[in-house]
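Each chain is listed here by its residues.
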Amino acid sequence: MEPAFESQSSYQQLQAINDALSSGMYVHVRKMLHHMPAPDVAFLLESTPAKSRAVLWQLIDPEFHGDVLEELSEDVRNGIIRQMVPEKLADALEDMDTDDLAELLRGLPDTIFQQVLHSMDEQDRVRAEQALSFGEGTAGSIMNTDTITLRPEVTVDVILRYLRLKGEVPEDTDAFYVVNRHDKLIGIVPVIRLLTSTSDMTVEELMDEDAETIPVDMPESEVAKLFERYNWISAPVVDNEDRLLGRITIDDVVDIIREEAEHSMMSMAGLDDEEDTFAPVMKSTGRRSIWLGVNLVTALLAAMVSDLFEATLSQLAVLAILNTIVPSMGGVAGNQTLTLVIRGMALGHVSPSNSRWLVSKELAIGALNGVIWAVLIAGVVAIWKQDLMLGAIIAFAMMVNMLAAGLAGATLPLLMKRLKIDPALAGSVILTTITDVVGIFAFLGTATLLMMP
């Protein structure tokens, strides 16, 4: 009979474990954790404050520490690792997949990294060094080496007898890879084709010789795009001489897509995508203060532009009332363009060949929006304040700022990518500064020229 908590939702499990911890029912919590899958345990750890998290980790069976570490976000995982002695950590890493092992080891401080390597047995140490030999963020860093290779002259009957003796195949195996005596990939055989062919057929008769491969140094973001485009479940990874090194599976690609989405979302707020929700107050405050400081500097810059027109504002108080409209509209329009271009870049749709057309398009949209909203705001202000000149001035400023917003929103991501700066991280801050400064200067500068005596 299965324990009742296995059918509970993650929220109910979290609540039940927290209640049991508060009541000191540690044996009961240990049993609950023992029956939960590693991803659910990782979720519980990430959803628990640091003090309770340390207790939970001690109650998890050490045999499953490696499985849980694989599923944790980087920030939470590093916090737990700091509490582990190197020997225990080396034991936890023993059966970890090659790609996960490389990711975890790269996140360790150098002193702990060396201690962990020293604590590993020879086989695991060689595996770790091999995993770390590929560049971070490349296909090599996310590939697994658990592949089944075939020779072209072998028959289906021999392969099926071998698989029955082996008793298992690697997870997400949808094809076997055919290599020659030098381990050069010469084709693939889909599993379904192998199972539905006669026993006397050879691998050479069944294999696809024009199968797509992934270079070991291809960026992982490009790998994810290929999986999405071709609906792959797995794909072989090869070196410059087409030697088979390993394979990438769909579960790793899903992680990449999720991490990139989280990175874009969190970067818009100036936050680390791996930040621990339950991190200590001082640590979280320090991280957030950086971008709050940057935002303060940009706000002061906009205020300095307004200060240039202090005399105008003191004589024409109505300008102070209307001064926020133009920058606000420009900021919204610019961020729409910025988001669209960043998305296009992430999907691989934007390239040097079409970027000029894209900038021209966004300028045209900015001009059209400028005309529409300039006419509308001019009419509203002219009727509201009974002043045609004031309506014309704010219309002109709106037109200028909409053009600036379209141009900045389209060109900033392209320029920042060329400078190797993440557009999602800093693009919005810079764009807002541009639309604030241009909007305020266009509105108050034009008003000063035309309305001041």
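Cut-offs and rules
Residues numbered from 1 in each chain as written. Predicted model: local features only at pLDDT ≥ 70, side-chain atom pairs only at ≥ 80, totals over all residues. Heavy atoms only, no water. Helix = DSSP H or I, 4+ residues; strand = E, 2+ residues; numbered from the N terminus. Rg over C-alpha atoms; globule rule 2.2 N^0.38 Å. Buried < 20%, exposed > 50% of the residue type's maximum accessible area, 1.4 Å probe, protein only. Contact = heavy atoms within 4.5 Å. Areas by Shrake-Rupley, 256 points an atom, 1.4 Å probe, with all protein chains shown as cover. Lys, Arg positive; Asp, Glu negative; His and termini not counted. Charge placed at Lys NZ, Arg CZ, Asp CG, Glu CD. pLDDT = per-residue confidence, 0-100. Pairing = 2+ DSSP bridges. Axes fitted to C-alpha atoms, helices over the stretch in contact; angles between N-to-C directions. Core = buried A, V, L, I, M, F, W, Y, C linked by side-chain atoms within 4.5 Å. Arc of directions from axis to C-beta. Patch = residues over 30% accessible without salt bridge, like charges linked within 9 Å, V, L, I, M, F, W, Y side chains within 5 Å. Salt bridge = Lys/Arg side-chain N within 4 Å of Asp/Glu carboxyl O. Parallel < 35°, antiparallel > 145°, perpendicular 65-115°, else oblique. Left-handed = near helix turned anticlockwise from the far one by under 90°. Nonpolar A, V, L, I, M, F, W, Y, C, P; charged D, E, K, R; others polar.

Asks: Would you mind going over the overall build of the chain with me for this structure?
Replies: Secondary structure assignment for the chain yields 23 helices and six strands. Relative to its length of 453 residues, the chain is extended, with a C-alpha radius of gyration of 30 Å against a globular reference of 22 Å. The principal-axis extent of the C-alpha atoms belonging to the chain is close to 95 × 60 × 45 Å. When burial is assessed residue by residue, the chain has 42% of its 453 residues classed as buried. When contacts within the chain are restricted to residue pairs at least 6 apart in sequence, long-range pairs at least 24 apart make up 66% of them. Carbon together with sulfur atoms contributes 59% to the accessible area of the chain, which is approximately 24,700 Å² in total. Averaging the locations of the 32 positively and 65 negatively charged side chains of the chain gives two centres separated by 3 Å.

Asks: Any chance you could explain the confidence of the model for the chain here in plain terms?
Replies: Note: predicted coordinates in regions of low pLDDT should not be interpreted at a detailed level. Here the chain averages 86 in pLDDT, and 92% of its residues register 70 or above. Every residue in residues 1-7 scores below 50 in pLDDT, and together they form six contacts with partners more than four places removed in sequence or on other chains.

Asks: Could you clarify how one ought to interpret the sheet that holds strand β6 (residues 244-249) in this entry?
Replies: Backbone-to-backbone hydrogen bonds pair the strands of a sheet. The strands run either parallel or antiparallel. Read across the sheet, three strands follow the order β4-β5-β6 without closing on themselves; strand pairing throughout is mixed. Since the sheet does not close on itself, it has two edges, and those belong to β4 (214-215) and β6, each with one partner. With two bridges connecting them, β4 and strand β5 (residues 234-238) associate as parallel partners. Bridge pairing in β5 places Pro 215 opposite Val 238. Strand contacts of helix α15 (residues 220-230): β4, β5 and β6, with the helix running at about 65 degrees to β6, the strand carrying the most contacts.

Asks: How should I be thinking about the nonpolar core in this particular structure?
Replies: As a rule of thumb, soluble globular proteins bury nonpolar side chains together. If you look at the biggest cluster of nonpolar residues, it comprises 38 residues, and the most contacted ones within it are Ile 17, Leu 33, Leu 45, Leu 69 and Leu 93. If one sorts the elements of this core by residue count, helix α3 (residues 38-46) sits on top with five residues. Leu 322, Ala 374, Leu 390 and Phe 443 belong to the second largest nonpolar core, which has 26 residues in total.

Asks: Just to check I follow, could you spell out unusual backbone geometry for this structure?
Replies: As a rule of thumb, non-glycine residues mostly have phi less than zero, and peptide bonds are mostly trans rather than cis. Phi at Asp 172 takes a positive value of approximately 60 degrees, unusual for a residue other than glycine. Following the sequence through the fold, Asp 172 ends up in the loop between α12 (156-166) and β2 (175-179). Even without being glycine, Asn 231 reaches a positive phi, approximately 55 degrees. Along the chain, Asn 231 falls in the loop between α15 and β5.

Asks: Help me out: how do you make sense of α3 in this one?
Replies: Since there are 3.6 residues in each turn of an α-helix, residues three or four apart along the chain are aligned in direction. Listed as buried for α3 are Ala 38, Val 41, Ala 42, Leu 44 and Leu 45. Looking down the long axis of α3, one finds its buried residues gathered within 160 degrees of arc, a one-sided arrangement.

Asks: What exactly am I supposed to notice about the sheet that holds strand β1 (residues 149-150) here?
Replies: Pairing is mixed across the open sheet formed by three strands, whose spatial order is β1-β2-β3. The strands lining the two open edges of the sheet, one partner per strand, are β1 and β3 (185-190). Sheet topology note: the β2/β3 ladder contains five bridges and is antiparallel. Paired with Phe 176 across the two strands is Val 189, which belongs to β3.

Asks: Could you clarify how one ought to interpret a nonpolar patch on the surface in this entry?
Replies: Taken together, the side chains of Ile 321, Leu 368, Ile 372, Trp 373, Leu 376, Val 380 and Trp 384 make up a nonpolar region of the molecular surface, amounting to roughly 700 Å² of accessible area. Broken down by element, the residue count for the nonpolar patch peaks at six residues, all from helix α21 (residues 352-385). Tracing the backbone through its elements, the reader meets Val 380 in helix α21. Looking at Val 380, the relative accessible area reads 44%, which means it is partly exposed.

Asks: Please explain the pairing of β3 as it appears in this structure.
Replies: Working note: regular strand, side chains alternate between the two faces of the sheet. Along β3, five of the six residues are buried, which leaves the element largely enclosed by surrounding structure. In sequence, β2 turns back onto β3 through a hairpin of five residues, with Asp 183 there showing a positive phi of about 65 degrees.

Asks: Looking at this model, I keep getting lost on the pattern of salt bridges. Mind explaining?
Replies: Two side chains with opposite charge may pair up if their charged atoms get near one another. Tallied over the full model, the rule gives ten salt bridges. Between Lys 361 and Glu 362 there is a salt bridge, with the nearest N and O atoms lying 3.8 Å from each other. Taken together, the shared-partner salt bridges connect Asp 239, Glu 241 and Arg 243 into one network.

Asks: Please clarify how the environment of Val 191 should be interpreted in this entry.
Replies: Along the chain, Val 191 turns up in helix α13 (residues 191-195). Each C-alpha atom of the pair Val 191 and Ala 175 lies 4.9 Å from the other, and the pair is 16 residues apart in sequence. Those residues in contact with Val 191 that lie beyond four places of it in its chain are Thr 173, Asp 174, Ala 175 and Phe 176.

Asks: Can you help me understand the packing of helix α20 (residues 325-346) against helix α23 (residues 423-451) in this one?
Replies: In a pair of packed helices, the angle between the axes and the distance between the axes together describe the arrangement. The geometry of α20 relative to α23 is characterised by a closest axis approach of 9 Å and an angle of 150 degrees between their N-to-C directions. Considering the angle they form, α20 stands roughly antiparallel to α23. Judged by the twist between their axes, the crossing of α20 over α23 is right-handed. Mapping the contact onto sequence places Val 326, Pro 327, Gly 330, Gly 331, Gly 334, Asn 335, Leu 338, Ile 342 and Met 345 in α20 and Pro 423, Ala 424, Gly 427, Ser 428, Leu 431, Thr 432, Thr 435, Asp 436, Gly 439 and Ile 440 in α23.

Asks: Help me understand the side chain of Asp 252 in this model?
Replies: Its place among the elements puts Asp 252 in helix α16 (residues 250-267). There is no salt bridge for the buried Asp 252, and the closest opposite charge comes from Arg 247, which lies 8.0 Å off by N-O distance. When sequence neighbours within four positions are dropped, the list of residues in contact with Asp 252 reads Asp 99, Ile 142 and Asn 144.

Asks: Looking at this structure, how should I read the packing of helix α22 (residues 388-418) against α23?
Replies: Two numbers describe how α22 lies on α23: the axes approach to 8 Å, and their chain directions differ by 155 degrees. Classified by the interaxial angle, the pair formed by α22 and α23 is roughly antiparallel. At the point where α22 passes α23, the crossing takes the right-handed sense. Residues of the contact of α22 with α23, tallied by class, amount to 24 nonpolar, six polar and no charged.

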